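These are the residues of each chain, in order.
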Amino acid sequence: MKINFIINEENLDSSTDANIMSFLFKKIKDKIDIKLVNVKNYKCEKASINIFFGCINTILNKYAKSNILVPNQHTFLKEWTYALNNFDLILVKTHYMEEIFNTYVPQDKIIYIGWRSTDLYSSVDKDYNEYLLYCYDNNYSNYQKIIDAWDSQYPTLNIINGNLFNFKKKQENIKYLDKLTQNEFEIIFNKCGFHICLNSIDSYSHNINQSCLSKSIPILINGGPMKEIVNIEDSYVLKGKRKKITNLLGSKYDYNSLDFKTLILKLMKTSENTLEIMSENARKNAIKNHQLNDILFKEVF
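Residue numbers restart at each chain and count upward from 1, following the sequence in its written direction. Local features are withheld for residues below a pLDDT of 70 in this predicted model, meaning they are given only at 70 or higher, and side-chain atom pairs are given and counted only at 80 or more; totals for whole chains, interfaces and linings count all residues. Excluded from the side-chain calculation are hydrogens and water; included are all heavy atoms of the structure.

### Comments concerning the packing of helix α5 (residues 206-213) against helix α7 (residues 272-300)
Phase 1: Axis angles are defined between N-to-C directions and span 0 to 180 degrees, where every axis is a line fitted to C-alpha atoms and, for a helix, only to the segment in contact. Only DSSP runs of H or I with at least four residues qualify as helices, and only runs of E with at least two residues qualify as strands; both kinds are numbered from the N terminus onward. One can describe the packing of α5 onto α7 by two numbers: an axis separation of 7 Å at closest approach and a directional angle of 120 degrees. Relative to α7, α5 is oriented oblique. Residues N209, C212 and L213 of α5 lie in contact with α7, whose contacting residues are A282, R283, A286, I287 and H290.
Phase 2: Considered class by class, the residues forming the contact of α5 with α7 number 5 nonpolar, 2 polar and 1 charged. Comment on the angle field: the value is read as roughly parallel under 35 degrees, roughly antiparallel over 145, roughly perpendicular from 65 to 115, and oblique elsewhere. Contacts were defined at the residue level, with two residues in contact if any of their heavy atoms lie within 4.5 Å. Residues are grouped as follows: nonpolar covers Ala, Val, Leu, Ile, Met, Phe, Trp, Tyr, Cys and Pro; charged covers Asp, Glu, Lys and Arg; every other residue, Gly included, is treated as polar.

So, in structure tokens, the structure goes:
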């Protein structure tokens, strides 16, 4: 089977989704020929299937017998909705996204398949006095808000990719880890007992899911698709205030800094035994979600 993976080379989510789907195909197909195509191209090789990852170019649709869209609602322009009927299927990662696209196309064109992340788990000793803030998306995450709220009496906050913002708050319990090898990154990722994953929106938060896979406990906003990834009992959530995203689909969510500070004080008093149980259950649930993704993907292809 020949498949064109059509991606936006300027968008990390698009490339990441393509890599994950390549992995899924290789699990179920012995012979498969995948070609990467830049969405800005006006032509491509003929294939059995075109799969568009978070992008649209209907000029390319004619080069395949079947056209499939794997969208990200928070980067999907409202003006693109006119082209949705040109696709045979829309594969969605969350039920939140399913509800949004059901507004524009018939339900039988939309298939929920779940999603997955790279498993970074390793058996590093967990430290619940170490918090991780992994910075990767300035558009939908206010990292400075988290840092400004981090009091000197709190445990250690480890910040990866702190070079994404200009001002670095100097405080004894804040560490900026800007230059890490992959091995060093994975050690700190697994060591930190809590991961602060306060994305205002996402299509599928790898940050949250990989936290669970690593047996760490995510702190997230209870809104949009983020809450679908976890069992609430195995995570800590902040109430989110819903806001529309201009010219894009879906909404984003904001939290109150005072609620965040109150939560950190609560976590500092929580027994380690309770946290260890939550950590174990978080990984078990994440693995179950991956297994469901395998089943649902195989039913489509």
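### Digging into the sheet that holds strand β10 (residues 192-196)
Phase 1: By definition, two strands form a pair when at least two bridges between them are found by DSSP. Strand order across the open sheet formed by 6 strands is β9-β8-β7-β10-β11-β12, with parallel pairing between neighbours. Since the sheet does not close on itself, it has two edges, and those belong to β9 (174-177) and β12 (236-239), each with one partner. Averaged over all neighbouring strand pairs, the angle between strand axes comes to 25 degrees, with direction disregarded.
Phase 2: One ladder, built from 3 bridges, connects strand β7 (residues 127-134) with β10; its direction is parallel. Bridge assignment links D127 to a residue of β10, and that residue is C192.
Phase 3: Seen against the sheet, α5 touches β7, β10 and β11 (217-222) and runs at an angle of roughly 150 degrees to β11.
Phase 4: On the sheet, α7 packs against β7, β10, β11 and β12 and is oriented at approximately 50 degrees with respect to β7.

### Observations regarding the pattern of salt bridges
Phase 1: Salt bridges are defined by distance alone: a side-chain nitrogen of Lys or Arg within 4 Å of a carboxyl oxygen of Asp or Glu. According to the stated counting rule, one finds 10 salt bridges in the structure shown.
Phase 2: Among the salt bridges present, the one from R116 reaches D294, with a minimum N-O distance of 2.8 Å. Of this pair, R116 sits in the loop between β6 (110-112) and β7 while D294 sits in helix α7, and the two are 178 residues apart along the sequence.
Phase 3: The class of D294 is partly exposed, set by a relative accessible area of 24%. Only protein chains enter the area calculation, which uses a 1.4 Å probe; residues under 20% of their type maximum are buried, those over 50% are exposed, and those in between are partly exposed.

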